[in-house]
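Residues per chain are reported as follows:
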Amino acid sequence: MSRNYRLLVKNAKQVVLICNNGEKFMTKHEILNLCVIENGSIVIGSDGLITAVGPAETIRDQFAGATFDKVIDATGMCVLPGLVDAHTHPVWAGDRVHEFAMKLAGASYMDVHRAGGGIHFTVEHTRAAGPPELLSSLSSRLLRMQRAGTTLVECKSGYGLDLHTELKMLQVIEEARNTLPINISSTYCGAHAVPKGKTVEEATEDILQVQLPRLKEQMSAGTLRVDNIDVFCEEGVFDLSSTRRILQAGKDLGLNINFHGDELHPMNSAQLGAELGASAISHLEEVTDQGIAAMATARTAAVLLPTTAYILRLPQPRARDMLEAGVIVALGSDFNPNAYCCSMPIVMHLACVNMRMSMPEALAAATINAAYALGCSHTHGSLEVNKHGDLLVLNTTRWEHLIYQLGGHQELIRYVIIKGNIVVDNDRTLDL
């Protein structure tokens, strides 16, 4: 082969494909056969897509006459797909570190909310912030996620709760998508809370009659790309009826349904999501057996957030029950002022220890299944031909170290690669 390619990663001790038959998701049974090549190589073409992946000798023979813009000798290292963070709130202004002290002293999430903190505190500061300030903080947070191995991230609005600020947040997310290498799935979350001074009914009507029509205009004009719609379905926030109306309206605009459900109280959100054909439901700390069964049947992904349960001292999401029932389990960091964690390796570690997931289950949940939750598993989440060339090269001979070493990802991740371009290069020899 005399063609030119963007990148060759050769002679890796392990190449973790995740899957290799075009699977769009993996349930518990399929995860038992996580696809790993010992002594493998991967080629990424000039279009940033994976051209070939396989045993090192096979790739060497197949590409004997080819040239590469960059070659990485990964001898003694591991190659993994880039990690996918399926749930974040990364656009906001204002500092809520003081609330952490309140929570440590015993205040619940809703106690903080009622005291004027929580979402409403952040809404006030985000409304006052200009787009350059919001873009600067968003970009630094996304770069931090990227350094921890995330190559595809879901980004929500939701700290505006009015037309002007929600659009401002979505435009900031769009600007980040256009200027940063990290892949972004954009979510409209105007129903994150009921604005001060409004009833649930008034807030719902504002979203249906004011916000979504303007969103439709901007999407139709091509000035804004939005992928998903989210609602916080919870007691004291949006009830089941309002949630249904907003999600259905979003679905009618072509948005994927991907919402907060059954977090603090069993609201039957899981059953609602399954009925509406939701791509994913997040949180689910209080999901019922019937909700789990409905999600398994509907192929609606469960995006579990171990950092939130850990920080708020909530019951752990029932990951084992969901896996046993055949639910597609994904993971997210829930990065936000209430749960300040940018690291999917830490999320996977917490999932294993606190939710009793196995390491292969956690890795699948942070790659192919998280991509599925975002409607992106045809292009992301595994190392297969014609998918995006998004991958990590680890300074270790076994991939499990990325989960096992709590907080050790900064030393383990040698390269982060997006579409065949090196975006993070941790050359440890420079530290001498």
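The name an unreviewed UniProt entry gives the protein chain is Probable imidazolonepropionase, with Champsocephalus gunnari as the organism. The UniProt entry for the protein chain carries this comment under Cofactor (unreviewed entry): "Fe(3+)".

Focus on the packing of aromatic side chains
The final tally for this structure, using the stated rule, is 6 aromatic pairs. With centroids separated by 4.8 Å and ring planes inclined at 75 degrees, the aromatic side chains of Phe 335 and Tyr 340 adopt a geometry described as edge-to-face. Judged by its relative accessible area of 44%, Tyr 340 is partly exposed. Taken together, the ring pairs connect Tyr 5, Phe 63 and Phe 68 into an aromatic cluster. When the ring centre of Trp 92 is taken as origin, the NZ or CZ atom of Arg 141, which lies over that ring, is 3.6 Å away.

Here we look at the environment of Gln 290
On the secondary structure map, Gln 290 appears in helix α11 (residues 289-298). You can call Gln 290 exposed: its relative accessible area is 53%. Expressed as a C-alpha distance, the spacing of Gln 290 and Ala 270, which sit 20 residues apart in the sequence, is 8.4 Å.

Regarding the nonpolar core
With 106 residues, the main nonpolar core has Leu 142, Phe 238 and Leu 331 as its most contacted residues. Among the elements that take part in this core, helix α7 (residues 163-179) stands out by supplying 7 residues, more than any other. Setting aside its immediate chain neighbours within four residues, Leu 142 contacts Val 153, Cys 155, Ala 176, Leu 180, Ile 182 and Ile 184. By size, the runner-up hydrophobic cluster in this structure holds 20 residues, among which are Ile 42, Ile 44, Ile 50 and Ile 72.

Examining the packing of helix α10 (residues 269-276) against α11
Between α10 and α11, the shortest axis-to-axis distance is 8 Å and the interhelical angle comes to 20 degrees. One way to sum up the angle between α10 and α11 is to call them roughly parallel. As for how α10 packs across α11, the hand of that crossing is left-handed. For the pair formed by α10 and α11, the contact residues are Ala 270, Gln 271 and Ala 274 on the first element and Gln 290, Gly 291, Ala 294, Met 295 and Ala 298 on the second. For the contact of α10 with α11, a count of residues per class yields 5 nonpolar, 3 polar and no charged.

Rules used throughout
- Residues numbered from 1 in each chain as written.
- Predicted model: local features only at pLDDT ≥ 70, side-chain atom pairs only at ≥ 80, totals over all residues.
- Heavy atoms only, no water.
- UniProt positions renumbered as here; feature names shortened; annotations may be inferred.
- Phe/Tyr/Trp six-rings, centres within 6.5 Å; stacked < 30°, edge-to-face > 60°.
- Buried < 20%, exposed > 50% of the residue type's maximum accessible area, 1.4 Å probe, protein only.
- Lys NZ or Arg CZ within 6 Å of the ring centre and 35° of its normal.
- Helix = DSSP H or I, 4+ residues; strand = E, 2+ residues; numbered from the N terminus.
- Core = buried A, V, L, I, M, F, W, Y, C linked by side-chain atoms within 4.5 Å.
- Contact = heavy atoms within 4.5 Å.
- Axes fitted to C-alpha atoms, helices over the stretch in contact; angles between N-to-C directions.
- Parallel < 35°, antiparallel > 145°, perpendicular 65-115°, else oblique.
- Left-handed = near helix turned anticlockwise from the far one by under 90°.
- Nonpolar A, V, L, I, M, F, W, Y, C, P; charged D, E, K, R; others polar.

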